[in-house]
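# Chains, contacts and geometry: an overview
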Amino acid sequence: MGKVTGAMLLAKSLKEQGVEHMFGIVGFPVQPIAAAAQEVGINYVGMRNEQSASYAAQAVGYLTGRPGACLTVSGPGVIHAFAGLANAKENFWPMILIGGASPVYQNGMGAFQEERQTELAAPYCKFAHNVEHGYRIPFYVEMAVRHSIYGRPGPVYLDMPDDIILGEIDESEVSAVARVPAPPRVQTMPEYVDQALDLLEKAEKPLVIVGKGMAYSGAEEEVRSFIERTQLPFLASPMGKGVMDDNHPLSVGAARSLALKEADVVFLMGARLNWIMHFGLAPRFNKDVKIIQLDIAPEAMHQNRPATVAMVGDGKAVMGQCNAALDGRQWFYPKDTPWRQAIAKKSADNAAAIQPQIDDNSSPFNYYRALKDIREWAGEDAMIIGEGANTMDIGRTQLPNAKARRRLDAGSYGTMGIGMGFVIAAAVVNPDIPTISVSGDSAIGFSGMEMETCCRLGLPVKIVVLNNGGIGKGVEVYPKDGSAAPHVLSVDARYDKMMEAFGGKGYFVSDPKDLRKTLDEAMAYDGPALVNVKLLPDATRKPQEFHWNMTKAQA
Ligand code: ADP
Ligand code: MG
């Protein structure tokens, strides 16, 4: 053992702790960290904006259970990456942000890009610390990784000043730190499991809600056994989609509003009753609904609505307990109940209501017609990334997921601009699974420059832009007299040519008869491709029974 730099010790420690991917932008003072990461075999991906790098790092965390790293320069670089910390905090995804910092010996002097980084990062993080001495690097890296994946997952921050990065350390004097194992799976009390099953047995209109906590905990087999054994109807949250196949006969996805409004017992698995689930309150939920809650976090229990049964534990472990307890019971939810009939009828009515749009071959496209071809093209295996308001909302209903952890979107924080970072992360983590992004034209604008990253790395990602020329909607002709409304963007902006400019393939489609063959051509191309689909400027969703957000009058 000889002397190493702080940069090298950091890279070795990250590798030792199972951090395999690092996304960042180099510059002062972190260039040596990126170089050392490459030397120790961490996959370093140079990005074009720290925001996207921070989104990529957390997608790696969600998909693999081990945090991805984001590496940024001091000051503004760190601040840009806070976007990702905030998103990871709201979604409970592990990531580690490593912020370069001005040298400690210049603290307070007005150093280049000097900033109170750790203090500012702390509110977004489960753990945030200055690395104040090179010898302590392995200690802090282990602690950061452990905090990011143990308990409720989330983001962590380490501050690396220039003089620590460049400082020399005698490795023989560094205390060894063991690799933190995968988090222990925590079970709940057996009597809670019995209470939960008793409550479900008595329900007339039971409903299971499957959230992304179940996807993260890898509980898909246990959830499938439970639902098939009990025959309970289920609804997936946006990223809980695929834990159960969306096309499963027990899915009530096509009758979401009715299922939420009338269920009398809801088994909430790894999901929250937050704005996405309408806070669990009337009128979106039955005012007398009883909740069975399963979550890794004790403090998540009873949020917005008291739970009748509160099961704290790991999703996979607790569903294993539920399945074991079912072995001693005969009960399952019967085949022919008024509840099942009502759901089936509502699903059929909803399907019939959108069918004319699916069948509408006029040019330019409506959302449903475009998504019909995308759905058939994407198949069952693809990773689907969605962003943009209508594009994401309608896409969620029209693009089924058959497998767990195959959907990434704007998530609990409603963040636009996550798409390209998620695309890059998905493609590097799962190179054998097609990565498809379906983005609105506004959404692609936030991080479109990462197309260059995709082309540079030769990632075979496929990006479909549903382009209505605006935020929400656009106009037929852009008014040149300065009278354009705030939501209006360019008409027919050629995002496809942007992809071509960096060396990928671009396609522009305005006639439905051309879409499927164009998508196939894009898929056959062995590199990044973007298909720019011209939508009607005022294409929109089918009318909804409720406004998406709770109004003050309802609160
Ligand atoms: P969704 O958006 O799918 O509704 P949320 O982000 O609202 O999901 O909620 C996910 C929940 O899953 C969080 O409350 C989180 O604490 C929980 N969770 C995270 N990891 C696990 C796990 N291993 N087991 C059970 N629950 C988990
Ligand atoms: Mg748009």
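How each quantity is defined
Residues numbered from 1 in each chain as written. Chains lettered and ligands numbered in written order. Predicted model: local features only at pLDDT ≥ 70, side-chain atom pairs only at ≥ 80, totals over all residues. Heavy atoms only, no water. Helix = DSSP H or I, 4+ residues; strand = E, 2+ residues; numbered from the N terminus. Buried < 20%, exposed > 50% of the residue type's maximum accessible area, 1.4 Å probe, protein only. Contact = heavy atoms within 4.5 Å. Areas by Shrake-Rupley, 256 points an atom, 1.4 Å probe, with all protein chains shown as cover. Lys, Arg positive; Asp, Glu negative; His and termini not counted. Charge placed at Lys NZ, Arg CZ, Asp CG, Glu CD. Donors = N, O, S within 2.8 Å, 3.2 Å for Na, K, Ca; no water. Domains from an automatic or database assignment. Buried area = accessible area lost by both parts, 1.4 Å probe. Salt bridge = Lys/Arg side-chain N within 4 Å of Asp/Glu carboxyl O. Pairing = 2+ DSSP bridges. Axes fitted to C-alpha atoms, helices over the stretch in contact; angles between N-to-C directions. Core = buried A, V, L, I, M, F, W, Y, C linked by side-chain atoms within 4.5 Å.

Another aspect to go through is the overall build of the protein. Counting its regular elements, the protein contains 20 helices and 19 strands. The principal-axis extent of the C-alpha atoms belonging to the protein is close to 75 × 65 × 45 Å. The 555 residues of the protein split such that 56% are buried. For the protein, the proportion of contacts with a sequence separation of at least 24, taken over those separated by at least 6, is 77%. Element-wise, carbon and sulfur atoms account for 53% of the exposed surface of the protein, whose accessible area totals about 22200 Å². Of the side chains in the protein, 54 bear a positive and 62 a negative charge, and the two mean positions are spaced by 5 Å.

Moving on: helix H18 (residues 450-457). A large share of H18 lies buried, amounting to 6 of its 8 residues. Listed in full, the buried residues belonging to H18 are Glu450, Met451, Glu452, Thr453, Cys454 and Cys455. Contact partners of the buried residues in H18: strand E3 (43-46), helix H3 (50-64), helix H16 (419-429), helix H17 (441-447), helix H19 (495-501) and strand E19 (529-534).

The coordination sphere of the magnesium ion (ligand 2), as far as protein atoms go, consists of Asp441 (OD), Asn468 (OD1) and Gly470 (O), spread over 2.0 to 2.2 Å. If you list the donors of the magnesium ion (ligand 2) from N- to C-terminus, the spacing comes out as D-x26-N-x1-G. Of this pair, aspartate 441 sits in helix H17 while asparagine 468 sits in the loop between strand E17 (462-467) and H19; the two residues are 27 residues apart in sequence, bridging distant segments of the chain. Take aspartate 441 and asparagine 468: they sit in the same class, and that class is buried.

Time to look at the domain arrangement of the protein. A common way to express how large an interface is: the accessible area buried when the components associate. According to the domain assignment, the protein consists of domain 1 (3-173), domain 2 (190-342) and domain 3 (359-534). The distance between the C-alpha centroids of domain 2 and domain 3 comes to 32 Å. The partner domain 3 presents 15 residues to the 17 residues of domain 2 that form the contact. In this assembly, domain 2 packs against domain 3 so that about 1200 Å² is buried in total across both faces, 49% of it on carbon and sulfur atoms. Considering only the surface of domain 2 that becomes buried against domain 3, Pro238, Met239 and Lys241 emerge as the three largest contributors, covering 41% of it. Applying the counting rule to domain 2 against domain 3 returns 1 salt bridge.

What follows is about the pattern of salt bridges. For the structure shown, the criterion picks out 28 salt bridges. Two residues, aspartate 511 and lysine 513, come together in a salt bridge whose shortest N-O distance is 3.7 Å. Since its relative accessible area comes to 62%, lysine 513 is described here as exposed. Put simply, Asp194, Asp198, Glu201 and Arg329 are held in one network by salt bridges that share partners.

Moving on: the sheet that holds E3. Reading across the sheet, the 6 strands line up as E3-E2-E4-E5-E7-E6 and stay open at both edges, with parallel pairing between neighbours. Every interior strand has two partners, whereas the edge strands, E3 and strand E6 (127-130), have only one. Across the sheet, the mean angle from the axis of one strand to that of its neighbour is 20°, orientation sign disregarded. In terms of strand pairing, E6 meets strand E7 (residues 155-161) through 4 bridges, oriented parallel. Across the sheet, residue alanine 128 finds its bridge partner in E7, namely tyrosine 157. Relative to the sheet, helix H1 (residues 6-16) contacts strand E2 (21-24), strand E5 (95-101) and E7, its axis offset from that of E5 by approximately 180°. Here helix H4 (residues 76-91) sits on the sheet and contacts strand E4 (68-72), E5 and E7; the angle it forms with E5, its principal contact strand, is near 165°.

In terms of nonpolar packing, the biggest core is built from 103 residues, with Phe23, Val223, Phe226 and Phe267 touching the most fellow members. Top contributing element to this core by residue count: H16, with 9 residues. Apart from residues no more than four positions distant in its own chain, phenylalanine 226 is found in contact with Leu197, Leu200, Leu232, Phe267, Met269, Met319, Cys322, Asn323 and Leu326. Counting 37 residues, the second largest nonpolar core, distinct from the first, contains Met22, Ile33, Ala36 and Ile164.

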